Amino acid sequence: MKVAALFAAFAVSANAFAPTSSFTNSVSLSAAPRSASALQMNAAERTYIMIKPDGVQRGIVGNIISRFETKGYKLVAMKTKQASQELLDTHYCDLVEKPFFPKLRDYMMSGPVCCMVWEGKEAVVTGRKMLGATNPLASEPGTIRGDFCIEVGRNICHGSDSVENANKEIALWFEESELVDWESHSKDWIYE
Ligand code: DAT
Ligand code: MG
């Protein structure tokens, strides 16, 4: 008896939605998943941030991590590494012909670097803003380079300049297995 009543109620409610169901479906299926996936893709943008040997030697690693963490970005991978000549030639492939490149390579090999992958909405462009201009004297106060360094040859940090280069740099400096996919419990307090 109760089961029959439930079926009847279901039939009524199903009928109630029937006239609009094709319209409702076409709206909800085409609009909702698209915006949800667009948001997800955006929030999953990754950038390669590297603290150069001077940043490691001067003990600025914690401050730089803290800035990305408190901004709301998610730490996907991190390690220290002694960079090799080959690695740097690939990483700076656009600059190998520049007159300053030998000095840049020596500097980058003068001690360990700290390699990180940070993830979040517009992580690449925002990461670059957080770093500041290439020449620290042109960097705004409040940026990492603006706050901590003076010379272009000691500018303490690297940040990817495009999503395409970020993906190349992440693949160059990290094994796929070192990138950890995890969900932050704060995500709903960071993204609306
Ligand atoms: P960025 O690190 O801001 O992306 P870039 O990719 O043009 O800048 O250069 C890579 C690094 O090379 C930069 O952080 C410091 C060094 N560099 C760039 N231009 C230089 C120059 N004119 N003289 C000395 N070093 C330079
Ligand atoms: Mg660059």
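This one's a predicted model, so the numbers in the text were calculated from it and none came from an experiment.

Definitions and cut-offs
- Residues numbered from 1 in each chain as written.
- Chains lettered and ligands numbered in written order.
- Predicted model: local features only at pLDDT ≥ 70, side-chain atom pairs only at ≥ 80, totals over all residues.
- Heavy atoms only, no water.
- Axes fitted to C-alpha atoms, helices over the stretch in contact; angles between N-to-C directions.
- Helix = DSSP H or I, 4+ residues; strand = E, 2+ residues; numbered from the N terminus.
- Parallel < 35°, antiparallel > 145°, perpendicular 65-115°, else oblique.
- Left-handed = near helix turned anticlockwise from the far one by under 90°.
- Contact = heavy atoms within 4.5 Å.
- Nonpolar A, V, L, I, M, F, W, Y, C, P; charged D, E, K, R; others polar.
- Near = heavy atom within 4 Å.
- Polar contact = N/O pair within 3.5 Å; in protein donor to acceptor, adjacent residues only side chain to side chain.
- Areas by Shrake-Rupley, 256 points an atom, 1.4 Å probe, with all protein chains shown as cover.
- 1 Å grid on protein atoms, 1.4 Å probe; cavity = no way out; pocket = protein on both sides within 12 Å on 5 of 7 lines; lining within 4 Å.
- Sits in = over half its atoms within 2 Å of the grid points.
- Salt bridge = Lys/Arg side-chain N within 4 Å of Asp/Glu carboxyl O.
- Buried < 20%, exposed > 50% of the residue type's maximum accessible area, 1.4 Å probe, protein only.
- Pairing = 2+ DSSP bridges.

**Comments concerning the packing of helix 3 (residues 61-71) against helix 6 (residues 123-131)**
Part 1 of the reasoning: It is the contact of helix 3 with helix 6, at a shortest axis distance of 12 Å, that shows an interaxial angle of 135 degrees. Comparing their axes, helix 6 and helix 3 come out oblique. In the crossing of helix 3 with helix 6, the sense of the turn from one axis to the other is right-handed. On helix 6, the residues touching R67, F68 and K71 of helix 3 are T126, G127, M130 and L131.
Part 2 of the reasoning: Its residues assigned to classes, the contact of helix 3 with helix 6 comprises three nonpolar, two polar and two charged.

**Structural notes on the site of ligand 1**
Part 1 of the reasoning: Every residue near ligand 1 is listed here: K52, Y92, L95, F100, L104, R128, T134, R145, V152 and N155.
Part 2 of the reasoning: Contact between ligand 1 and R128: an oxygen atom at 2.6 Å from a side-chain N or O atom of the residue.
Part 3 of the reasoning: Measuring from an oxygen atom of ligand 1, one finds a side-chain N or O atom of T134 at 2.5 Å.
Part 4 of the reasoning: Isolated, ligand 1 exposes 520 Å² of accessible area, and the fraction of that covered by the protein chains is 71%.
Part 5 of the reasoning: A majority-of-atoms criterion places ligand 1 in the largest pocket.
Part 6 of the reasoning: Of the residues assigned to the shell around ligand 1, the class counts are five nonpolar, two polar and three charged.

**Quick notes on the pattern of salt bridges**
Where charged atoms of side chains with opposite charge meet at close range, the side chains can pair.
Part 1 of the reasoning: According to the stated counting rule, one finds nine salt bridges in the structure shown.
Part 2 of the reasoning: One salt bridge connects K79 with E178, and the closest N-O pair in it is separated by 3.1 Å. A residue pair is termed long-range when its members are at least 10 positions apart, and K79 in strand 2 (residues 74-81) and E178 in the loop between helix 8 (163-173) and helix 9 (187-190) qualify at 99 residues.
Part 3 of the reasoning: Using a relative accessible area of 19% as the deciding quantity, one classes K79 as buried.
Part 4 of the reasoning: Close ionic contact of E183 with K187 constitutes a salt bridge, the shortest N to O distance being 3.6 Å.
Part 5 of the reasoning: Accessibility expressed as a relative area gives 61% for E183, which makes it exposed.

**Side note on the side chain of E119**
Part 1 of the reasoning: With respect to the secondary-structure elements, E119 resides in strand 3 (residues 113-119).
Part 2 of the reasoning: For E119, a relative accessible area of 9% gives the class buried.
Part 3 of the reasoning: Here R46 takes part through its side chain, which lies 2.7 Å from a polar atom of the side chain of E119.
Part 4 of the reasoning: Dropping the residues within four chain positions of it, E119 is found in contact with A43, A44, E45, R46, Y73, K74 and V76.

**Comments concerning the pairing of strand 1 (residues 46-51)**
Two faces make up the sheet, and in a regular strand the side chains alternate between them.
Part 1 of the reasoning: Across the six residues of strand 1, six count as buried, placing the element largely inside the fold.
Part 2 of the reasoning: Neither face of strand 1 is left uncovered, since the one carrying R46, Y48 and M50 and the one carrying T47, I49 and I51 both have all their residues buried.
Part 3 of the reasoning: Here strand 1 pairs with strand 4 (residues 157-159) via three bridges, running antiparallel. Bridge pairing in strand 4 places I51 opposite C157.

**Things to note about unusual backbone geometry**
Part 1 of the reasoning: Located in the positive-phi region is E122, a residue other than glycine, with phi close to 50 degrees.
Part 2 of the reasoning: With respect to the helices and strands, the residue E122 is situated in the loop between strand 3 and helix 6.
Part 3 of the reasoning: Among the residues examined, E122 registers a relative accessible area of 40% and is labelled partly exposed.
Part 4 of the reasoning: Phi at I156 takes a positive value of approximately 55 degrees, unusual for a residue other than glycine.
Part 5 of the reasoning: Mapped onto the elements, I156 comes out in the loop between helix 7 (144-148) and strand 4.

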